[in-house]
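Breakdown of the fold
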Amino acid sequence: MSKKNIALVAGGYTGEYEVSINSAKNIAANLPADQFNVYTILLNRDSWFHEAVSGKVNVDKNDFSITVDGEKITFDAAFITIHGTPGEDGKLQGYFDMLGLPYNTCDAATSAITMNKAYTKTIVHGIKNLNAAKSMRLFKSDLHDIGTISASLKFPLFIKPNNGGSSVGMSKVNKAAELPHALEKAFKEDSQVLVEEFIKGREFSIGIVRLNHHLKVLPATEIISSKEFFDYEAKYTPGVSEEITPADLTPEQNEMIAEIVTEVYLRFNCKGMVRVDFILQEQTNDFYFIEVNTTPGQSASSLIPQQVKAAGMDIKQFYSDIINGAATSA
């Protein structure tokens, strides 16, 4: 069987660029060389390119090809591992759809919707055993009355960019006087901001993936942060947070979570692997939705690789099955 040419697409246009590069390095190291020719394609606002042995090669955006040492290389599939725009919000997926190039993630519509926290919360409403914190969405172009926000929601509040990722621009505020600074910080990242009531409890993240036409729910991870909440620093600075995989949950809780994330996956028409984050509220057995991540981190220490290992699965086979599934379902 001939080897497939795979474009491993990384980078992006946000502050998560380096996180994406780390994800790409781990994926590349775990794609079997006897099955795939892997070409890492880096995207930034100035250029799309591949670093060949002979030097930097720009991507021909007319057909998403590269020419290396006089040989034109086209791809059988793309493995998108960009966190944020344009690889997580549907833009790249739409481009690949027009070219007819298969890819590993959710489609353009699903990616765009799940990137928008407010829209996502609306769609998950009504899923059995899943709750959502009360919130309001603000637009940068509008006036923001602190009194109205304070009267509508109970403190403490989370302020976060509506379309952001990796908790960049997020703040927790305990009183009205802290709102203006938190809003300013969030609006630097996005033109829309979500103000959400804080749910106190244990934080979890769980992966779900379609492999060989079957849905597989991975073991959950509990995230215990030494900071007040799981922000960018807590996610990516070693030692700031503890991640326990598999999480200490009862069989009944694991069964409930599996049903919830399966319904989330199906309701959004997800593809490939996604990660669902949620909170188990303190002193209750109530699960509160946080977000759906359609291009979850894939560095060696990221949550999905941890969960794959905890499930007793081989990471090389895991990535191979994702690529082969993308190529056959296109």
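Going by the structure above, here's the rest.
Just so we're clear, the structure is a prediction, and the values are computed from it rather than from any experiment.

If charged atoms from side chains of opposite charge come close, those side chains can pair. Enumeration according to the criterion identifies nine salt bridges in this entry. Two residues, Glu-291 and Lys-117, come together in a salt bridge whose shortest N-O distance is 4.0 Å. Of this pair, Glu-291 sits in strand E18 (residues 287-293) while Lys-117 sits in helix H4 (residues 117-124); the two residues are 174 residues apart in sequence, bridging distant segments of the chain. The exposure classification of Glu-291 matches that of Lys-117, with both residues buried.

Turning to helix H2 (residues 91-99), a few remarks are in order. For the α-helix, the turn length of 3.6 residues means that residues three or four positions removed from each other point alike. Those residues of H2 lying buried are Leu-92, Gln-93, Tyr-95 and Phe-96. All buried residues of H2 lie within an arc of 160° about the axis, which places them on one face of the element. Opposite its buried face, H2 presents the exposed residues Lys-91 and Met-98, each directed more than 90 degrees away.

Attention shifts here to the environment of Ala-77. Its location among the elements puts Ala-77 in strand E7 (residues 77-80). Not counting chain neighbours up to four residues away, the residues in contact with Ala-77 comprise Asn-5, Ile-6, Ala-7, Leu-101, Pro-102 and Ile-323.

Attention now goes to the sheet that holds strand E9 (residues 135-139). Pairing in this open sheet of four strands is antiparallel, and the strands run E9-E12-E10-E11 from one edge to the other. Sheet topology places E9 and strand E11 (171-173) at the edges, where each strand pairs with a single neighbour. For this sheet, the mean angle separating the axes of adjacent strands, direction not counted, is 25°. Of the strand pairs in this sheet, E9 and strand E12 (residues 192-197) are connected by five bridges, and their pairing is antiparallel.

A few words now on the pairing of strand E4 (residues 55-58). For strand E3 (residues 48-52) and E4, the ladder comprises four bridges, and the chain directions are antiparallel. Counted as the bridge partner of Ala-52 is Gly-55 from E4. The antiparallel pairing of E3 with E4 creates a hairpin that spans two residues between the two strands.

The next thing to look at is unusual backbone geometry. Cis peptide bonds are those with omega within 30 degrees of zero, and the linkage from Phe-155 to Pro-156 qualifies with 0°. Within the secondary structure, Pro-156 is located in the loop between helix H5 (146-152) and strand E10 (157-161). The omega torsion across Thr-245 and Pro-246 is 0°, close enough to zero to call that bond cis. With respect to the helices and strands, Pro-246 occurs in the loop between strand E16 (241-244) and helix H8 (251-267). Unusually for a residue other than glycine, Phe-64 sits at a positive phi of about 50°. Residue position: Phe-64 is located in the loop between E4 and strand E5 (66-68). A positive phi angle, near 55°, is found at Asn-269, a position not held by glycine. By the element assignment, Asn-269 lies in the loop between H8 and strand E17 (273-281). By relative accessible area, which is 42% here, Asn-269 ends up partly exposed.

We now examine the packing of aromatic side chains. Within the structure shown, the criterion is met by 13 aromatic pairs. An angle of 75° between the planes, with centres 6.2 Å apart, marks the rings of Trp-48 and Phe-64 as edge-to-face. Pair noted here: Trp-48 is in strand E3 and Phe-64 is in the loop between E4 and E5, with a separation of 16 residues, a long-range link. Phe-64 sits in the buried class, given a relative accessible area of 2%. When the ring of Phe-96 is compared with that of Tyr-103, the centres are 6.3 Å apart and the planes differ by 35°; the resulting orientation is tilted. The two residues Phe-96 and Tyr-103 agree in class, both being buried. An aromatic cluster of three or more residues is present, and its members are Tyr-39, Trp-48, Phe-64, Phe-75, Tyr-95, Phe-96 and Tyr-103. Here the basic side chain of Lys-172 rests over the ring of Phe-198, its NZ or CZ set 3.9 Å away from the ring centre.

Once that is clear, we can look at the sheet that holds strand E1 (residues 4-11). Read across the sheet, five strands follow the order E4-E3-E2-E1-E7 without closing on themselves; strand pairing throughout is mixed. Edge strands, defined here as strands with exactly one partner in the open sheet, are E4 and E7. Here the average twist between neighbouring strands, direction ignored, is 35°. Both E1 and E7 contribute to a ladder of four bridges, which runs parallel. In the strand pairing of E7, Ile-6 is matched with Ala-77. Docked against the sheet, helix H1 (residues 17-29) engages E1, strand E2 (36-43) and E7, running at close to 155° with respect to E1. Packing of H2 onto the sheet brings it into contact with E1, E2, E3 and E7, and relative to E7 it is tilted by some 180°.

Quick notes on the rules
Residues numbered from 1 in each chain as written. Predicted model: local features only at pLDDT ≥ 70, side-chain atom pairs only at ≥ 80, totals over all residues. Heavy atoms only, no water. Salt bridge = Lys/Arg side-chain N within 4 Å of Asp/Glu carboxyl O. Helix = DSSP H or I, 4+ residues; strand = E, 2+ residues; numbered from the N terminus. Buried < 20%, exposed > 50% of the residue type's maximum accessible area, 1.4 Å probe, protein only. Arc of directions from axis to C-beta. Contact = heavy atoms within 4.5 Å. Pairing = 2+ DSSP bridges. Axes fitted to C-alpha atoms, helices over the stretch in contact; angles between N-to-C directions. Phe/Tyr/Trp six-rings, centres within 6.5 Å; stacked < 30°, edge-to-face > 60°. Lys NZ or Arg CZ within 6 Å of the ring centre and 35° of its normal.

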